Amino acid sequence: MATRKRSGSGSKRHLKEKVVQIYESFFRGEDLTSDNPTFWDEFFLLKPKIPQLEAEIHKLSAEQLTNLKDNINLLVLQCIEMLGQEHHIRLVYALQTFSAILTTMYQRAGQDATLNIKTILLGTDTANAKMQKLLEHCSTVLSGDVPDSLKSMVLKLLLIIATGIDNIDDNPLVEYLMLHSLFEPLIQLLCTATERQQHGYDVVLLLMFLVNYKKQESANPYVVKLSILDDELALNGYGQVIRAALNDFVMSTFGGMQASGGGWLSSLTSMVGGIFLTSDETQPVVRGQRNSGGEEGMLLALYEASHLNRNFMTTLAHSSSAAASSAPPSPPHTLPPHQSPPNLAQIQALDNDQPTNLLVTFFQYCSIVMADTRTEASINKCSLCFITLTCIVEEQFANSIMHDQNLTFKVQLYRLPMRHRKIVPEEPPSQPLASTLIELLVEFMMCHLLKKFPGALYELCVGVLLRLLSYQKRCRVRLARDWRPLWAALIALLKFLVAHEGALLRRHNVFLMAQQVVNIFNLFITFGDTFLPTPSSYDQLYYELIRMHQVFDNLFYMALRYSTAAGEYKAEALRLANCLVNVRAIIQHFSPKIEAWLASQSLSTPTEDQILEVVRKNYDSLILKLQEGLEAYERYDERAQRALLLRLARAAGAGARARSDAAALRLHSAALLHHYTALA
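Residues numbered from 1 in each chain as written. Predicted model: local features only at pLDDT ≥ 70, side-chain atom pairs only at ≥ 80, totals over all residues. Heavy atoms only, no water.

Caption draft 1: Structural context of the overall build of the protein chain. Along the protein chain, the regular secondary structure elements total 32 helices and eight strands. Across the 680 residues of the protein chain, 56% fall into the buried class. Relative to all contacts within the protein chain whose residues are 6 or more apart in sequence, the contacts with residues 24 or more apart total 78%. (Helix = DSSP H or I, 4+ residues; strand = E, 2+ residues; numbered from the N terminus. Buried < 20%, exposed > 50% of the residue type's maximum accessible area, 1.4 Å probe, protein only. Contact = heavy atoms within 4.5 Å.)

Caption draft 2: Inspection of the pattern of salt bridges at higher detail. Scanning the model with the defined rule gives 29 salt bridges in all. Here glutamate 439 ties to arginine 415 by a salt bridge, and the two come within 3.6 Å at their closest N and O atoms. Taken together, the residues span a long stretch of sequence, with glutamate 439 in helix α21 (residues 433-447) and arginine 415 in the loop between β7 (409-410) and β8 (430-431) at a distance of 24 residues. Two residues, glutamate 631 and lysine 473, come together in a salt bridge whose shortest N-O distance is 3.0 Å. One end of the pair, glutamate 631, is in the loop between α30 (608-617) and α31 (642-659); the other, lysine 473, is in helix α22 (residues 455-475), and 158 residues separate them in sequence. The network of salt bridges with shared partners includes Lys215, Glu304 and Glu638. (Salt bridge = Lys/Arg side-chain N within 4 Å of Asp/Glu carboxyl O.)

Caption draft 3: Region of interest: the packing of aromatic side chains. With the rule as written, the count across this model stands at 29 aromatic pairs. Ring plane angle 80 degrees and centroid distance 5.5 Å describe the contact between phenylalanine 26 and phenylalanine 27, whose orientation is recorded as edge-to-face. Of the residues examined, phenylalanine 26 reaches a relative accessible area of 7% and is grouped as buried. With a centroid separation of 5.3 Å and an interplanar angle of 85 degrees, the aromatic rings of tyrosine 542 and tyrosine 619 are classed as edge-to-face. Placement of the pair is tyrosine 542 in helix α26 (residues 535-547) and tyrosine 619 in the loop between α30 and α31, with a sequence separation of 77 residues. Its relative accessible area of 1% is what places tyrosine 542 among the buried residues. An aromatic cluster is built from Tyr23, Phe26, Phe27, Phe39, Trp40, Phe43 and Phe44, whose rings are joined through pairwise contacts. (Phe/Tyr/Trp six-rings, centres within 6.5 Å; stacked < 30°, edge-to-face > 60°.)

Caption draft 4: Fine view of the environment of arginine 467. Mapping arginine 467 onto the fold places it in helix α22. Since its relative accessible area comes to 10%, arginine 467 is described here as buried. Distance from arginine 467 to isoleucine 392, taken between C-alpha atoms, is 9.8 Å for residues 75 residues apart in sequence. In this structure arginine 467 touches Thr390, Val393, Glu394, Tyr633, Glu634, Arg635 and Tyr636, once residues within four positions along its chain are discounted.

Caption draft 5: Region of the structure containing unusual backbone geometry. Positioned with a positive phi, lysine 214 is a non-glycine residue whose angle comes to about 45 degrees. By secondary structure assignment, the location of lysine 214 is in the loop between α12 (193-211) and α13 (221-228). On the basis of relative accessibility, which here comes to 24%, the residue lysine 214 falls in the partly exposed class. Here arginine 476, not a glycine, exhibits a phi torsion of approximately 55 degrees, which is positive. Examined against the element boundaries, arginine 476 turns out to sit in the loop between α22 and α23 (484-499).

Caption draft 6: Spatial organisation of the packing of helix α19 (residues 376-393) against α21. Relative to each other, α19 and α21 sit at 150 degrees, their axes nearing to 13 Å. As α19 packs across α21, the resulting crossing turns out to be left-handed. For the pair α19 and α21, the contacting residues are Cys382, Phe386, Leu389 and Val393 in the first and Leu437, Leu440, Leu441 and Phe444 in the second. Classifying every residue of the contact of α19 with α21 gives eight nonpolar, no polar and no charged. (Axes fitted to C-alpha atoms, helices over the stretch in contact; angles between N-to-C directions. Left-handed = near helix turned anticlockwise from the far one by under 90°. Nonpolar A, V, L, I, M, F, W, Y, C, P; charged D, E, K, R; others polar.)

Caption draft 7: Representation of the side chain of threonine 388 in the model. As for its position among the elements, threonine 388 is in helix α19. Take threonine 388: its relative accessible area is 0%, and that puts it in the buried class. When sequence neighbours within four positions are dropped, the list of residues in contact with threonine 388 reads Leu302, Tyr303, Ser306 and Phe362.

Caption draft 8: Inspection of helix α3 (residues 50-59) at higher detail. Within the sequence span of α3, burial applies to Ile50, Leu53, Glu56 and Ile57. In an axial view of α3, the angular spread of the buried residues amounts to 125 degrees, which keeps them on one side of the axis. Structural note: α3 exposes Pro51 and Lys59 on the side pointing more than 90 degrees away from its buried face. (Arc of directions from axis to C-beta.)

Caption draft 9: Highlighting the environment of isoleucine 120. Relative to the assigned elements, isoleucine 120 resides in helix α7 (residues 117-122). Taking C-alpha positions, isoleucine 120 is 4.6 Å from lysine 69, a pair spaced 51 residues apart along the chain.

Caption draft 10: Layout of α12. Of all the bends in α12, the greatest, near 70 degrees, is centred on histidine 199. For α12, a buried count of 15 out of 19 residues is recorded, marking the element as mostly surrounded by other parts of the structure. (Bend = angle between axes of the 7 residues up to and from the residue.)

Caption draft 11: Molecular detail of the nonpolar core. Ranked by size, the top nonpolar core spans 220 residues in total, and within it Phe362 and Phe386 carry the most contacts. Every residue in contact with phenylalanine 362, bar those within four places of it in the chain, is listed here: Leu246, Leu299, Leu302, Cys385, Thr388, Leu389 and Ile392. (Core = buried A, V, L, I, M, F, W, Y, C linked by side-chain atoms within 4.5 Å.)

Caption draft 12: Up close: the confidence of the model for the protein chain. Across the protein chain, the average pLDDT comes to 84, with 83% of residues at 70 or higher. Note that pLDDT drops below 50 for residues 256-293; the model gives that stretch 78 contacts with residues more than four away or on any other chain. Scored below 50 in pLDDT, residues 322-352 shows 70 contacts in the model against residues more than four places distant or in partner chains. (pLDDT = per-residue confidence, 0-100.)

Caption draft 13: Geometry of the side chain of serine 563. The residue serine 563 is located in helix α27 (residues 549-563) in this model. Look at serine 563 and you get buried, because its relative accessible area is 9%. A polar contact of 3.0 Å, which involves the side chain of serine 563, links it to the backbone oxygen of leucine 560. Contact partners of serine 563, with chain neighbours within four places excluded, come to Lys570, Ala573 and Leu574. (Polar contact = N/O pair within 3.5 Å; in protein donor to acceptor, adjacent residues only side chain to side chain.)

Caption draft 14: Main features of the environment of leucine 300. Summarising the element assignment, leucine 300 is placed in helix α16 (residues 295-308). Along the sequence, leucine 300 and leucine 205 sit 95 residues apart, while their C-alpha atoms lie 8.7 Å from each other. Not counting residues within four places of it along the chain, the set of residues in contact with leucine 300 comprises Met208, Leu384, Leu645, Leu648, Ala649 and Ala652.

Caption draft 15: Quick look at the packing of helix α5 (residues 69-82) against helix α6 (residues 88-111). Contact geometry of α5 with α6 gives a least axis separation of 8 Å together with a crossing angle of 140 degrees. Compared by their axis directions, α5 and α6 come out oblique. Considering how the two elements wind past one another, α5 and α6 form a crossing that is left-handed. Residue-level inspection shows Leu75, Val76, Cys79, Ile80 and Met82 of α5 in contact with α6, the latter providing Arg90, Leu91, Ala94, Thr97, Phe98 and Ile101. (Parallel < 35°, antiparallel > 145°, perpendicular 65-115°, else oblique.)

Caption draft 16: Geometry of the state of the cysteines. Under the defined criterion, the tally for this structure stands at zero disulfides. Its sulfur unpaired, cysteine 385 is 3.7 Å from the next cysteine sulfur, which belongs to cysteine 366. (Disulfide = S-S within 2.5 Å.)

Here's what the structure looks like:
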């Protein structure tokens, strides 16, 4: 209560509320229950004062906290007992109190790694029994017919436990969530539209954290259950929550775009209004992105499902119209306090009548994230996008969906304005998603050839492309598209590697990357007739190789130089030189024939059609080496990316802690008390 001035005097007297006095006495170690057998029933009828409770815990030293563990054990036990009561006010106040105690103790543990929060909170002998009872109460609430605010408070409590320590593997309380699984009641919340609307974001986020607990060391029940989940309603609900969250991010970037009569973009100004144009050293960055970085948790959730569950590939392709989509927007209570949800009725980057699915939204999200590789956080998100794409394109069913000529989408990808090109807003073509994915990869390859070269990202990007082409070669799928932009991007990458080999070799093995790119060209040369759409596409491939022969010549000379000198990269350079045998054979075979034809026609600047005609007439005399295994790749192994996934999980945990703060809990408790008061 506020301090009051005594009448007739300048002195002040502090008047403390009863619950605050109890906090002070309790954390001084006093026994408040011996003379009052109904103490706890009365205590949980008093409205908690969370700031004062947290302040009392923060006042204590680590030694004092340890000495007070019996009192704290008792308080925690009583909080857990109250969760099983039918008295609504006690239930709400117990949840608030327990959440505050957990939050504060995790903060103290972050400041002092020697603090044993498990012993202080739960004791030693009955810790498992207490946590079992807690999780039983949580399961009853989550699966019961109770107000949404109560379920939200329980989910916030579970998120506090799951995200209390940066590295979830070091969190001693999460082990009990493994012993007493909540997977089924959590998944059930995703199966109905109303509960998914209210709780979907927190449920998916919580599942993502629990899946990441010691997943490489022990049998994590959440990993096992998520990997075998085949409930179509649950999987679609899981996917809709992710799509809604990523769609919020996409709409916040395309938010300035206004729909024209046909539902498409009509203003270049609105498209680039959120962009900074900068030099090579700084790169463009997208404005309008959520400062909280909250989408990292959803991105990890998408990765986990794509990596673990083959049934989820059906969810990726589950289509609905943008206007009628049952995917809910992120509910306001899942967003940071300072941030309101976007107005989806006014922000539409795509025509409402166009079909869409999670893959469409994910490709749009990737196009935005991949535009910025300036910071470690943005590189981490970009890496996870590529890794998730890798998991998707390794799946046969996902590939069949993306290459289905009868399943086409108009996907508006984000494109960076650059000095050498203008962004002209136009309606994207309706095409299979594999074509959209290739456009996404081409955009990335063309936009990041910078001094601060993100070599690891390019390796992932080229790996996704190889897997996509391997499927096309293996299944003889002919994707009807113009392949020249892809070839141009690959050649530009090779040209960049050669031009900056000295600087790049200090950080990257450019020979391995160049070999990957050349092998993709070899795949087109050797097997292109099985998956290129028309014979003219094969002719265009040869035309591009001949036209850009200088790049391949310079690449060969670079490889030759390093392969003939004693050095670190001798073996890799020799392999690269050997990979170029067919490309050089094409150049050496056709170049003199073209020169001879030009001389016979007295021409110096032939047209593309004239060169193509010479190429077609001289295929028969061309001798190439048959190369096998060009489409082979090592399947994705998560262990190689464990450090990256831990960094992203920590970032997601920080965002989740911000959304599970005292203000969010007060909001839910106030709504819950209002609900119960109205019933009374």
